[in-house]
Amino acid sequence: MLEKLNEIERLGLEALETVRDEAALEAWRVAHLGRSSALMQLFNGFGQLSKEERPVMGQRANEVKKALEAAFNARSDELRQAALKRSIEQERLDVTLPGRRVPLGRLHPDTQILRELYRIFGEMGFQVYCSREVESDEYNFQLLNFPIGHPARDMQDTYFVESEGRGDNPIVLRTHTSPGQIRAMREISSRNPHNPAPVRIVLPGMVYRYEQVDARHETQFDQIEGLAVGPGITFSDLKGTLADLARRLFGQNVRTRFRASFFPFTEPSAEFDIECFLCGGKGCNVCGGGWLEIGGCGMVHPVVLQNGGYDPERYTGFAFGLGPQRIAMLRYGINDIRYFWENDLRFLEQF
Ligand code: DAH
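This one's a predicted model, so the numbers in the text were calculated from it and none came from an experiment. (Residues numbered from 1 in each chain as written. Predicted model: local features only at pLDDT ≥ 70, side-chain atom pairs only at ≥ 80, totals over all residues. Heavy atoms only, no water.)

Visitor: Looking at this model, I keep getting lost on the overall build of the chain. Mind explaining?
Guide: The secondary structure content of the chain amounts to 11 helices and 10 strands. The C-alpha atoms of the chain give a radius of gyration of 46 Å, which is well past the 20 Å a tight globule of 351 residues would have. Considering only C-alpha atoms, the chain reaches an extent of 145 × 50 × 40 Å along its principal axes. In the chain, which comprises 351 residues, the proportion classed as buried is 45%. Restricting to contacts in the chain with at least 6 residues of sequence separation, those with at least 24 account for 68%. Here the chain has roughly 19,600 Å² of accessible surface; of this, 50% comes from carbon and sulfur atoms. Side chains of the chain carry 42 positive and 48 negative charges; the gap between the two charge centres is 5 Å. (Helix = DSSP H or I, 4+ residues; strand = E, 2+ residues; numbered from the N terminus. Rg over C-alpha atoms; globule rule 2.2 N^0.38 Å. Buried < 20%, exposed > 50% of the residue type's maximum accessible area, 1.4 Å probe, protein only. Contact = heavy atoms within 4.5 Å. Areas by Shrake-Rupley, 256 points an atom, 1.4 Å probe, with all protein chains shown as cover. Lys, Arg positive; Asp, Glu negative; His and termini not counted. Charge placed at Lys NZ, Arg CZ, Asp CG, Glu CD.)

Visitor: I keep staring at the packing of aromatic side chains and nothing clicks. Help me out?
Guide: The geometry of an aromatic ring pair is captured by two quantities: the separation of the ring centres and the angle between the planes. The tally for this structure, following the rule as stated, stands at 17 aromatic pairs. Taken together, a centroid distance of 5.7 Å and an interplanar angle of 75 degrees make the contact between Y159 and Y210 edge-to-face. Residue Y159 is located in the loop between α6 (137-140) and β3 (160-162), and its partner Y210 is located in the loop between β5 (199-208) and β6 (220-230); the two are separated by 51 residues in the primary sequence. Take Y210: its relative accessible area is 58%, and that puts it in the exposed class. The interplanar angle of 50 degrees and the centroid separation of 5.1 Å between the aromatic rings of F250 and F277 together place this pair among those described as tilted. One end of the pair, F250, is in helix α8 (residues 235-250); the other, F277, is in the loop between β8 (266-275) and β9 (291-300), and 27 residues separate them in sequence. Between the NZ or CZ atom of R183 and the centre of the ring of Y139, over which it lies, the distance is 3.7 Å. (Phe/Tyr/Trp six-rings, centres within 6.5 Å; stacked < 30°, edge-to-face > 60°. Lys NZ or Arg CZ within 6 Å of the ring centre and 35° of its normal.)

Visitor: What should I look at first to understand the site of the ligand in this one?
Guide: Looking at the ligand, there are 16 residues lining it, with H176, S178, R209, Q223 and E225 nearest. In the environment of the ligand, a nitrogen atom lies 2.8 Å from a nitrogen or oxygen atom belonging to the side chain of H176. Q181 is positioned with one of its side-chain polar atoms (N or O) 3.2 Å from an oxygen atom of the ligand. Considered on its own, the ligand offers 350 Å² of accessible surface; in the complex 94% of this is hidden by protein. When atom positions are compared with the pocket grids, the ligand is found to occupy the largest pocket. Breaking the shell around the ligand down by element, the ones donating at least two residues are β6, β9 and β10 (316-322). Counted by class, the shell around the ligand contains five nonpolar, nine polar and two charged residues. (Near = heavy atom within 4 Å. Polar contact = N/O pair within 3.5 Å; in protein donor to acceptor, adjacent residues only side chain to side chain. 1 Å grid on protein atoms, 1.4 Å probe; cavity = no way out; pocket = protein on both sides within 12 Å on 5 of 7 lines; lining within 4 Å. Sits in = over half its atoms within 2 Å of the grid points. Nonpolar A, V, L, I, M, F, W, Y, C, P; charged D, E, K, R; others polar.)

Visitor: How should I be thinking about the sheet that holds β5 in this particular structure?
Guide: Strand pairing in a sheet relies on backbone hydrogen bonds. The paired strands run either parallel or antiparallel. Pairing in this open sheet of seven strands is mixed, and the strands run β1-β5-β6-β10-β9-β8-β7 from one edge to the other. In the strand order of this sheet, the two ends are held by β1 (127-128) and β7 (256-263), each with one partner. Pairing geometry for β6 and β10, over seven bridges, is antiparallel. Its bridge partner lying in β10, G230 is registered against T316. Contacting β1, β5, β6 and β10, helix α5 (residues 109-123) crosses the sheet at an angle of about 10 degrees to β6. (Pairing = 2+ DSSP bridges. Axes fitted to C-alpha atoms, helices over the stretch in contact; angles between N-to-C directions.)

Visitor: How should the nonpolar core be read in this particular structure?
Guide: One broad rule of soluble globular proteins: the nonpolar side chains tend to lie buried together. Residues F121, L242, L245, I274, F318, F320 and L322 are the most contacted members of the largest nonpolar core, which totals 42 residues. The leading source of residues in this core is α8, at six residues. Grouped together as the second largest cluster of nonpolar side chains are 24 residues, V199, L203, V300 and Y315 included. (Core = buried A, V, L, I, M, F, W, Y, C linked by side-chain atoms within 4.5 Å.)

Visitor: Help me understand the side chain of Q223, please; the structure alone is not making it clear to me.
Guide: If you trace the backbone, Q223 turns up in strand β6. Judged by its relative accessible area of 9%, Q223 falls in the buried class. From its side chain, Q223 meets the backbone nitrogen of T177 in a polar contact 2.8 Å long. When residues no more than four places from it in sequence are discounted, the contact partners of Q223 are H176, T177, L203, P204, G205, V207, R209, L322 and P324.

Structure below.
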């Protein structure tokens, strides 16, 4: 009988070695420790043993039973650990997966070039003054010395917003940033009418014209207006300021030129050109003749000074109105102004 018990133990432990999953383990338990297992059958037969044999066999049988149960528990633990390990590996969250990129916005090239201009003008002592985009005819034209019917109005084909019941003073989209000159001068001079403070400002913003569109003309575009008013300001101050601006933008060797021109609100007036870097001065569809017109300028007309609250006997001033987009075109080699507001990401993403 002892031999039989040893055999039961050996077979049981051997069989347990081959158990690979929970189902096989349960089958093993039924076969080796269950009620009809060989071991339990032996227990049932103890009644027929002699008094001397019984305790010896009983002890050994209990040992075998304990050994099998311990082996069963250990195997069961092993299987559970293995299953856990497998599930951790299989269901692992792969944190190395690259995240989805959030597309970052960026500043529009107009904004970028304007900010650069603010920085440069700031260094020269100009403050930024923001004026309105919707204007009256009075501010957009009349106070700037364009009376009703003045032929110079033809240069600025105008979008009218509202004219009914407004007589000679319809509401318009500003055709240039120059009306801001009057608003700023009036605001500053009203603080001290008899001895108004000098003015040194730039006025940026969008302007609107009902124009034939081409590579350098758009129906809406940015301008940056400059205005300096004070005692003893001369045309050489104007030339120095704009030439310095060009050098700060394009380097010491940039070539600039002033051409005599006409604007009702300046006298004398000039046009300000920078050599065209797009064609190297040979002439192209952007510049025409090798120079790109960046804006107009001149000495503030006495009538305009007067309208702003500045006595033209005591004050002089210069003004200019530049096209930041034209500057950006030269800076970045953009050959068509229409790209700026076409809203094509392939263009905008290059800045
Ligand atoms: N306002 C003019 C335009 O849009 C540009 C201009 C010319 C502005 C001469 C000025 C100036 O301040 O002095 O065509």
